[in-house]
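# Fold and geometry: a report
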Amino acid sequence: MKKIGLFVLLLLLIVASIFVGVKDISLTQLFQWDSQQQLVLLTTRVPRTISLVIAGSTISISGLIMQHLTQNKFVSPSTAGTMDSARLGILVVMIFFPSAPLLFRSFIAFLFAFVGTLIFIYLTRFLPAKNQVMIPLIGVMFGNIIGSVATFFAYQFQLVQNMSSWLQGNFSTVMKGNYELLYLTIPLLIITYLFAYRFTVVGMGEDMATNLGLNYQRIQLFGLGIVALSSAVVLIMVGNIPFLGVIVPNLVSMRYGDHMKNTLAITAVGGSIFLLACDVLARVVIAPYEVPVSVVVGVLGSFIFIALLMRRKTA
C-alpha cells in the first residue's frame, strides 16, 4: 500500500473509532447532537481514539528501536522482559506506596523496565546472534520469570485481581482526565526521529557504529531509556498490548526497508491503524458488550507472528 493510502486508512479508522459504540452518535446529524451525545463524544470517544493512536504508534516505535538495538527482528518490549519488569515495578508501588500519584508510579515502572531491559541485553551477549528465534525466546522466558515473581507477591498481598484487571490492555475505561499522561510519549517519538540515523547505525553492529564515530554503549542505553519510559507510560495508562511491537515493524520493513528514519512515520501510522482496527472489532464482535482489545490483538497478532516466523525460516 502506498504511503498516502495508509494515512487515508488511518483517517477512516479514526472516524470509525469516534462513531462506533453502544451510544449511537450519527455522523449525518453532525450539528443536531443532544447534550448526552456531546458528552459521550468529548468525554470518552475522542479521548479513547487519541489514546489508541498514541499507544499504537508508541508501542510500534518502541519495538522498532528494540529490534535495531538488538539486531533481531523478533524483539520488542513484550518479548524482552520490559513490560513484565514494568509490571513488577507497578506491583511494588501498589504494595508500598498505594496512594502514590500517577507520575511516581510511572517513574518506578520506568526504573524497573529500564533495569529489566538492561539485564536482557546483557543476557543476549551470551547467545548466538545468528539465531533469530533464540533471543526473543530467552526474552519471553526472562519475562515469565519476572512475571511469576510479580504474581507470587500479588498473591501474598491479595492484589492479583486488582493488578490483572488494571494491566489488561483495554481502552473502554479511557476518559477525559485520566489518559493525558500518554502525551508524554509524543516528545519521545520526536527524540526518536532525531536519533533515528544513530539507531540505524547501531543496528549494524558495534564495530560499524564505532568506526563511524558513534559511542555504541551510550546510544544503546539512550534508546533503551526511551523504550523503557514509553513502555511504562503505556502500561500504566492502557495496559499490556501483546505482539504489536513485533509485527508492525516487521511488516513495514518488508515493504519499506530497514532505514529507521525512512520507516519511522510509517511504523507509527501502521501501529495506530492496527490498534484502531482491533479496537473497533473488539467493540462490534459481541455488541453491545466489548472484548478487551488485548485479546483481539493477541489473537490476530499471534497468527501474523507465526507467519513471520515461518517466512523467516523459509527465507
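In this convention, every chain numbers its residues from 1, walking through the sequence in written order. Totals for whole chains, interfaces and linings use all residues, but because this is a predicted model, local features are given only for residues with pLDDT of at least 70 and pairs of side-chain atoms are given and counted only at 80 or more. Hydrogens are left out, water is left out, and the side-chain values use all remaining heavy atoms of the structure.

Under the annotation held in an unreviewed UniProt entry, the protein carries the name Iron compound ABC transporter permease and is attributed to Candidatus Enterococcus lemimoniae. UniProt positions are given in the numbering used here, feature names are shortened, and annotations may be inferred rather than shown by experiment. Here the protein is described in UniProt, under the heading Subcellular location (unreviewed entry), as follows: "Cell membrane". The heading Sequence similarities (unreviewed entry) in the UniProt record of the protein holds the text "Belongs to the binding-protein-dependent transport system permease family. FecCD subfamily."

## Things to note about the pattern of salt bridges
Salt bridges, as used here, are contacts in which a Lys or Arg side-chain nitrogen is within 4 Å of a carboxyl oxygen on Asp or Glu. Using the criterion set out here, one finds 4 salt bridges in the structure. Asp 279 is the salt-bridge partner of Arg 48, the closest N and O atoms lying 2.9 Å from each other. Taken together, the residues span a long stretch of sequence, with Arg 48 in helix H2 (residues 35–70) and Asp 279 in helix H12 (residues 260–284) at a distance of 231 residues. Take Arg 48 and Asp 279: they sit in the same class, and that class is buried. With a closest N to O distance of 2.4 Å, Glu 290 and Arg 48 form a salt bridge. Taken as a pair, Glu 290 in the loop between H12 and helix H13 (293–314) and Arg 48 in helix H2 lie far apart in primary sequence, 242 residues in all. Classification of Glu 290 as partly exposed rests on a relative accessible area of 32%. Under the DSSP-based scheme used, a helix requires at least four consecutive residues in state H or I and a strand at least two consecutive residues in state E, with every element numbered from the N terminus. Three exposure classes are used, based on accessible area relative to the maximum for each residue type with a 1.4 Å probe and protein chains only: buried under 20%, partly exposed in between, and exposed over 50%.

## Details of the UniProt feature "transmembrane region" (unreviewed entry) in the protein
Feature annotation in UniProt places "transmembrane region" (unreviewed entry) on residues 90–123, 135–160, 181–199, 219–252, 264–285 and 291–310, given in this structure's numbering. For residues 181–199, helix accounts for 74% and strand for 0%, while the C-alpha atoms at its two ends are 26 Å apart. Secondary structure within residues 264–285 divides into 95% helix and 0% strand; the distance between the first and last C-alpha atoms comes to 32 Å.

## Details of the packing of aromatic side chains
Here a pair means two rings of Phe, Tyr or Trp (six-membered ring of Trp) with centres within 6.5 Å. Their orientation is stacked below 30 degrees between planes, edge-to-face above 60, and tilted elsewhere. This model, assessed by the stated rule, comprises 8 aromatic pairs. Between Phe 110 and Phe 114, the aromatic rings sit 6.0 Å apart at their centres with planes inclined by 25°, giving stacked as the arrangement. Of the two residues, Phe 110 and Phe 114 are both situated in helix H4 (residues 102–124); the distance of 4 residues between them amounts to about one turn of the helix. Their ring planes at 35° and their centres at 6.5 Å tell us that Phe 195 and Phe 199 sit as a pair that is tilted. Of the residues examined, Phe 195 reaches a relative accessible area of 25% and is grouped as partly exposed. Within the aromatic cluster, the residues linked to one another by ring pairs are Phe 74, Phe 243 and Phe 305. Lysine and arginine charges are scored as sitting over a ring when NZ or CZ, respectively, is within 6 Å of the ring centre and within 35 degrees of the ring normal. The positively charged end of Lys 261 is found above the aromatic ring belonging to Tyr 193, 5.3 Å away from the centroid.

## Focus on helix H7 (residues 185–194)
Taken as a whole, H7 has its buried residues at Thr 185, Leu 188 and Thr 192. Taken down its axis, H7 places every buried residue within 50° of arc, on the same side. This arc corresponds to the set of directions leading from the helix axis out to the C-beta atoms.

## Comments concerning the environment of Gly 116
Assignment of secondary structure puts Gly 116 in helix H4. Every residue pair with non-hydrogen atoms within 4.5 Å of one another is taken to be in contact. Excluding residues that lie within four positions of it along the chain, Gly 116 makes contacts with Ala 80, Ser 85 and Phe 142.

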